[in-house]
There are 2 protein chains.
Amino acid sequence: MPEHWATSGVDLHLEPSGPGLRRGLTDALREAVRSGRLAPGTRLPSSRALAADLGVARNTVADAFADLVAEGWLTARQGSGTRVAERVAAPPAPSAGAAPRPREREQPAHDLLPGRPDLASFPRAEWLRAARRALTSAPYHALGYGDPRGRAELRTALAGYLARARGLRAGPDRVVVCAGISHGLGLLAAVLKARGVRTVAVESYGLRPHRELLEAAGLRTAPLPFDGLGTDPAGLADAGAVLLTPAHQFPMGVPLHRERRAAVLEWARRTGGLVLEDDYDGEFRYDRQPVGALQGLDPGHVVYLGTASKSLAPGLRLGWAVLPPGLLQEVADAKGGVDTCGVLDQLTLAEFITSGAYDRHIRAARLRYRRRRDALVAALAQRAPSVRATGIAAGLHVLLRLPEGTEPQTLRAAAWRGLAVDGLHRHRHPEAAVERCDALVVGYATPPDHAWSAALDALCAVLPE
Amino acid sequence: MPEHWATSGVDLHLEPSGPGLRRGLTDALREAVRSGRLAPGTRLPSSRALAADLGVARNTVADAFADLVAEGWLTARQGSGTRVAERVAAPPAPSAGAAPRPREREQPAHDLLPGRPDLASFPRAEWLRAARRALTSAPYHALGYGDPRGRAELRTALAGYLARARGLRAGPDRVVVCAGISHGLGLLAAVLKARGVRTVAVESYGLRPHRELLEAAGLRTAPLPFDGLGTDPAGLADAGAVLLTPAHQFPMGVPLHRERRAAVLEWARRTGGLVLEDDYDGEFRYDRQPVGALQGLDPGHVVYLGTASKSLAPGLRLGWAVLPPGLLQEVADAKGGVDTCGVLDQLTLAEFITSGAYDRHIRAARLRYRRRRDALVAALAQRAPSVRATGIAAGLHVLLRLPEGTEPQTLRAAAWRGLAVDGLHRHRHPEAAVERCDALVVGYATPPDHAWSAALDALCAVLPE
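About the cut-offs
- Residues numbered from 1 in each chain as written.
- Chains lettered and ligands numbered in written order.
- Predicted model: local features only at pLDDT ≥ 70, side-chain atom pairs only at ≥ 80, totals over all residues.
- Heavy atoms only, no water.
- Helix = DSSP H or I, 4+ residues; strand = E, 2+ residues; numbered from the N terminus.
- Rg over C-alpha atoms; globule rule 2.2 N^0.38 Å.
- Buried < 20%, exposed > 50% of the residue type's maximum accessible area, 1.4 Å probe, protein only.
- Contact = heavy atoms within 4.5 Å.
- Buried area = accessible area lost by both parts, 1.4 Å probe.
- Polar contact = N/O pair within 3.5 Å; in protein donor to acceptor, adjacent residues only side chain to side chain.
- Nonpolar A, V, L, I, M, F, W, Y, C, P; charged D, E, K, R; others polar.
- Domains from an automatic or database assignment.
- Salt bridge = Lys/Arg side-chain N within 4 Å of Asp/Glu carboxyl O.
- Pairing = 2+ DSSP bridges.
- Axes fitted to C-alpha atoms, helices over the stretch in contact; angles between N-to-C directions.
- Least-squares fit on C-alpha atoms with pLDDT ≥ 70 in both.
- Patch = residues over 30% accessible without salt bridge, like charges linked within 9 Å, V, L, I, M, F, W, Y side chains within 5 Å.
- Areas by Shrake-Rupley, 256 points an atom, 1.4 Å probe, with all protein chains shown as cover.
- Lys, Arg positive; Asp, Glu negative; His and termini not counted.
- Charge placed at Lys NZ, Arg CZ, Asp CG, Glu CD.
- Phe/Tyr/Trp six-rings, centres within 6.5 Å; stacked < 30°, edge-to-face > 60°.
- Parallel < 35°, antiparallel > 145°, perpendicular 65-115°, else oblique.

Participant: Talk me through the overall build of chain A; I want residue IDs and the actual numbers.
Facilitator: In terms of regular secondary structure, chain A is built from 13 helices and 19 strands. At 23 Å, chain A has a C-alpha radius of gyration in line with the 23 Å of a compact globule built from 465 residues. Taking the principal axes of its C-alpha atoms as reference, chain A extends roughly 60 × 50 × 45 Å. Evaluated residue by residue, chain A yields a buried proportion of 55% over its 465 residues.

Listed below in C-alpha cells is the structure:
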C-alpha cells in the first residue's frame, strides 16, 4: 500500500517496502519537481536525513539524487547541498480534460528506451503452434528435474543456429541455457571469483546492470579506453577476464576494430584470460552480413553470451552461454546443479528454431527495424541537423550525438513530454578516462508499430535544432 | 566425449568435464563393482590419488566413495582403506538376449526416488489451452522485462489459492515468484547472510541440496533434535532462522506437533528469528484436511515457500515465496532486480489456477497418489510384514522402517534389480544427534501409471521378509 511521507513539506507517494524503491523515489521526486510541488531553488534535505526519514538505505537516496542531477531536475553544488533546479522552460499547460496517467512509470507516452524489441510483434500464433508441437511430442521425463546445462533439444538447435548465423564453433555439449545474458554473466562472475580473479575489464560505456552484477560478485571492474576505433584492449594486462560487445558496442554502436579483435584474442592466449562476448543483438545488421562472433576464432578462450530477449522477448527469460570445455562443470555447479529455466519454453524455442520460424521471425524483425532506423535518420536530417546518428546500421538502438552540453536539457525536455529515452551519461563507467560526450541512446525498436511515428515526432521535437 | 580413465587397471567411463560428475563417478564405480570388473576385496586408490588421476576435486571422489560405502558396494575401514565389498549375493545372471541399457542412469528399470510427481499425468492439453488463453489476452508489454516479484496475474492467483487451500494470510504484493523452492531458498540465504545471520537451524533429516545451498551462501546449518513428536525446536536460541517442513516432514513423513508449532513461533517473536516454511507437498493429504500453513499464524515472522514441482512438474521451474513485508526489497534485490522466471509460464499458471484447472488437477492427483499409497501399504502387510510404513497419509513419499541394520543390503538388492530408491541415511544431517535408523524413502508418485505395479513388485521383492 502506498504511504505518504512528509518530506520538506512535500508528500512523496512511495511504496517504501516494495521493490524498485530507488526508481520509485526517483520518479516521486521528479514528479514533485515537475508538478511544482517542490519549487525551483528549494533545498532538499541531505541524503542521510532523507534516508532516515524514509527508513531506506542512504545509497538509495544518493543514487536517486544523482540521477535527477544528471537529468537536470536537481543541482548539486559543494557546500550548498542539493537544490531543485531553476527551470529552463515552463511545464506545458495540461490540456483541458487530460486524464492523469497513474501508471505512467510503466507506460510512458512515448517509449524509446533501448534494450527491448518491439514486443507487439512477438509471433504469438507461431509460438503457440511450436509450444503445442513441443509439448505434445516431449517424453514425460522431460518434465522432471533437468540437466543443469538445459534441455538437449534446445542446446542442439542453438548450436546449429549459432554456427550458421554467427559463425560459432561448438557442439551442443558446450551450450548452457540460462535466463538471459545477465543470468549467464552472474554465473560466470561467481566462477571467476571462485577461481581467484580480481579484476574484469569492461568497456568505458556499457550496461550498468552488468557492471553492478560483476561488482556484486566481488570483482573489480576496470574500464578500457575507447576511441575512434572502438574499445582499446591496451591495458588488459591485469585483468582476469574482459567483457565486450564486439559485434555492436553498447551503447556506442560501433563494432570492435579488426586489429583490436586480434589483440584481445592474443591477450587471452598469452595470459589465459577469458573473453566474455556479449552478443546481445548480433542478428541485426542492416547494411551487410554481420561480423562473425569472436568465439568462432578461438572457442577455447571466449565465452559467447546470447539471448532471446532482443530477438523475441525478454519475458521468455532465455539466453545461452557457449563455454570453453574447462568451464562447463563450474558453471553447472554455479547454477546449483539443476536446470533453472522452464522446460516448456526451452522445448518450444528448440522447435521454433528447428522449424525455421525463428529465422523467419528474425528476417521480418530485421526489415521492420531497418525501416525504422532509416526513417529516424531521414527525420533527423530534416528536423534536427545538428544531431548526428552514429555507429553502424545494426541492432535495436542508435546513438545520437548532441551539441556539446545539451544532453541534460534534452533529457529534461523529453521528460516534460513523457518521452522515455536514455542519456549516454547513464552508461559511462564512473572511472572511465574518456572525454565527456553528450548523446542520447535511442531504442527505435521499442514502440509497437502504431506508436512509432508519434514517438519519432516526440523525439525530433525535443532535440536541439 | 567420454574418456577412458585407467584406474587400478579398470576403465571408468566418465565425462570428466560434464556436469553431474559426482553422480557419474558414483555410477561408474558401482557399475565396475557390479559387473565384476572390480573384484571383491580390491583395494581402491586413496580419494586423493584418484582425484589427481581424474583431475577432479578430492571431495567429489570422497563423496562418491561415501555413497557407495553407504550402499554397501564398498567398505571403508580405518587403516585398510576403501575396498570392494565381499558380495552378499551373486549378481543375477543376465537373461539370454538381454539388451544393455546404456542410459540406465537416467531411466532405471523402476523409479521410486522421492521428490517427483507422476510426470506422465501432467495435464498437457489443459496446460496448452491455458497457455493459448493467457498468451492471447496478455498485453504486449507483459513480454518485456518484468517486476522482480513476478507477474501480477500469477501473484494474485497464488495469493487467492494459498489463502483458500493453505490458510495463508498475505496479499499479492507479498508473493515473489521464483524458479522453485531451491531458488527461493537461495535468495533467502543470500539475504540472511547479508543481514549478518550466521546459523540456520535445520531438521536432523532433510534435503541435502537445501542444506548445501545454505552452506554455500556461507551459513552454518545446525540440526534440531528429532523425536516421536517430530522436530524439536529446543535449541533454536542461537539460530537467526530455521528451515522446517511443518505440514509433512521430509523425509520422516510426520507433521510438526501442535505444541512445537507454537514454540517455533514463540521463538521467532521473541528473538526476531525467521521461520522458513518449506511446504513442498502441502496439497496432498489423504486422511483429512491438511494442517494449515504456519504462515497463517504469523505472517510477520514466517516465509512460506511453495512450488509447482510436486503439484504439476519440476520442469516448469515455478515456485513462490510469501514474505514478511520487511524482506521484499532485499529478496527482489537478491533476484537481481528483474524477473528471472519466464513470463509465458507465469501467465499460463495464473490462468490455470483462476480457471479452476489447477484444483481439478490436484484433486485427480490426490486420488491417484492415495490409491498408490494404499496399494503399497496393503502389499507390505502381505509380502514384507517386518517393514513398517510410517508417517501420515500424505504427500508423494512414504518412509519404510526396516529391521535394524538392513538398509545397506536392501539398497544393494534394489540396485541389482534396477530399482532406484533412497535410503534414509542420505537425508541425515552429518551432525545430527539422532539414533541411526534404517529405512527407505519411497516416492510412490514417481512412476507413470503403467509402470507403478511393476515398481511396487520390485520394491516388495527387495525388502527384508
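Participant: Can you break down the interface of chain B and chain A residue by residue, with the values?
Facilitator: Counting residues at the interface gives 49 residues for chain B and 49 residues for chain A. Here chain B meets chain A over a buried area of about 4,100 Å², counting both sides, of which 61% is carbon and sulfur. Our count for the chain B to chain A interface comes out at 10 residue pairs in polar contact (both at pLDDT 80 or more). Take the side of chain B that touches chain A: its biggest share by element is seven residues, from helix 4 (residues 124-137) of chain B. Classifying every residue of the side of chain B that touches chain A by side-chain character gives 26 nonpolar, 13 polar and 10 charged.

Participant: Describe the domain arrangement of chain A, with residues and values.
Facilitator: All names here are of chain A. With domains assigned, chain A is organised as domain 1 (4-84), domain 2 (123-355) and domain 3 (360-462). On a C-alpha basis, the centroid separation for the pair domain 2 and domain 3 is 26 Å. Facing 36 residues of domain 2, the contacting portion of domain 3 comprises 30 residues. For the pair domain 2 and domain 3, the summed buried area comes to about 2,700 Å², and 62% of that belongs to carbon and sulfur atoms. Its largest share of buried area at the contact with domain 3, domain 2 owes to Y205, F284 and Y286, together 29% of the area lost on that side. A salt bridge links R220 to E431, with the shortest nitrogen-to-oxygen separation between them at 3.9 Å. Counting the contacts that link domain 2 with domain 3 gives 11 residue pairs in polar contact (both at pLDDT 80 or more).

Participant: Give a detailed account of unusual backbone geometry, specifying residues and quantitative values.
Facilitator: All names here are of chain A. Cis geometry marks the peptide bond from F250 to P251, where omega comes out at 0 degrees. Relative to the helices and strands, P251 resides in the loop between strand 11 (241-244) and helix 8 (258-271). Here the phi dihedral of R317 falls at roughly 50 degrees; this positive angle occurs in a residue that is not glycine. Position of R317 among the secondary structure elements: in the loop between strand 13 (302-307) and strand 14 (319-322). The buried category is assigned to R317, whose relative accessible area is 8%.

Participant: Kindly report on the sheet that holds strand 19 (residues 439-443) of chain B, identifying the contributing residues and their values.
Facilitator: Residue and element names in this part refer to chain B. Read across the open sheet, the four strands follow the order 15-16-19-18; overall the sheet is antiparallel. Since the sheet does not close on itself, it has two edges, and those belong to strand 15 (388-390) and strand 18 (422-423), each with one partner. The sheet contact formed by strand 15 and strand 16 (residues 397-401) spans three bridges and is antiparallel. Bridge assignment links R388 to a residue of strand 16, and that residue is R401. Lying on the sheet, helix 11 (residues 357-383) is in contact with strand 15, strand 16 and strand 19; it crosses strand 16 at an angle near 15 degrees.

Participant: Before we move on, could you go through the relation of the copies chain B and chain A and cite the residues and values that matter?
Facilitator: Each copy of the sequence occupies a distinct position, and chain B is placed on chain A by a rotation of 180 degrees and an axial shift of 0.0 Å, giving an RMSD of 0.1 Å. Taken together, these values place the two copies in the relation of a two-fold axis. The fraction of interface residues of chain B whose copies in chain A are also interface residues reaches 98%, indicating that both copies meet through the same surface.

Participant: Any details on a positive patch on the surface? Residues and values, ideally.
Facilitator: Together, R129(A), R132(A), R360(A), R363(A), R129(B), R132(B), R360(B) and R363(B) make up a positively charged patch on the protein surface. At the level of elements, helix 4 (124-137) and helix 11 (357-383) of chain A together with helix 4 and helix 11 of chain B are the ones that each hand at least two residues to the positive patch. Mapped onto the secondary structure, R129(A) falls in helix 4.

Participant: Mind laying out the packing of aromatic side chains, listing which residues take part and the relevant values?
Facilitator: In total, this model carries 14 aromatic pairs over all chains according to the counting rule given. Note on F352(A) and Y358(A): the rings are 6.5 Å apart at their centroids and 80 degrees apart in plane angle, and the pair reads as edge-to-face. Note on F352(A): relative accessible area 1%, which makes it buried. Judged by its relative accessible area of 1%, Y358(A) is buried. Centre to centre, the rings of W127(B) and F352(B) are 5.3 Å apart; their planes meet at 50 degrees, and the pair counts as tilted. Residue W127(B) is found in helix 4, and its partner F352(B) is found in helix 10 (residues 343-354); the two are separated by 225 residues along the sequence. In terms of burial, W127(B) and F352(B) fall into one category: buried. Following the ring pairs from residue to residue traces out a cluster consisting of F122(A), W127(A), Y161(A), F352(A) and Y358(A).

Participant: If you had to explain the environment of R77(A) to someone new, which residues and values would you point to?
Facilitator: All names here are of chain A. For R77, the position within the fold is in strand 3 (residues 74-77). Of the residues examined, R77 reaches a relative accessible area of 59% and is grouped as exposed. Taking C-alpha positions, R77 is 55 Å from A125, a pair spaced 48 residues apart along the chain.

Participant: Before we move on, could you go through the packing of helix 4 of chain A against helix 4 of chain B and cite the residues and values that matter?
Facilitator: The N-to-C vectors of helix 4 of chain A and helix 4 of chain B enclose an angle of 170 degrees; their axes lie 11 Å apart at closest approach. With respect to each other, helix 4 of chain A and helix 4 of chain B are oriented roughly antiparallel. Touching R124(A), W127(A), L128(A), A131(A), R132(A), L135(A) and T136(A) of helix 4 of chain A are R124(B), W127(B), L128(B), A131(B), R132(B), L135(B) and T136(B), all from helix 4 of chain B. Residue composition of the contact of helix 4 of chain A with helix 4 of chain B, grouped by class: eight nonpolar, two polar and four charged.

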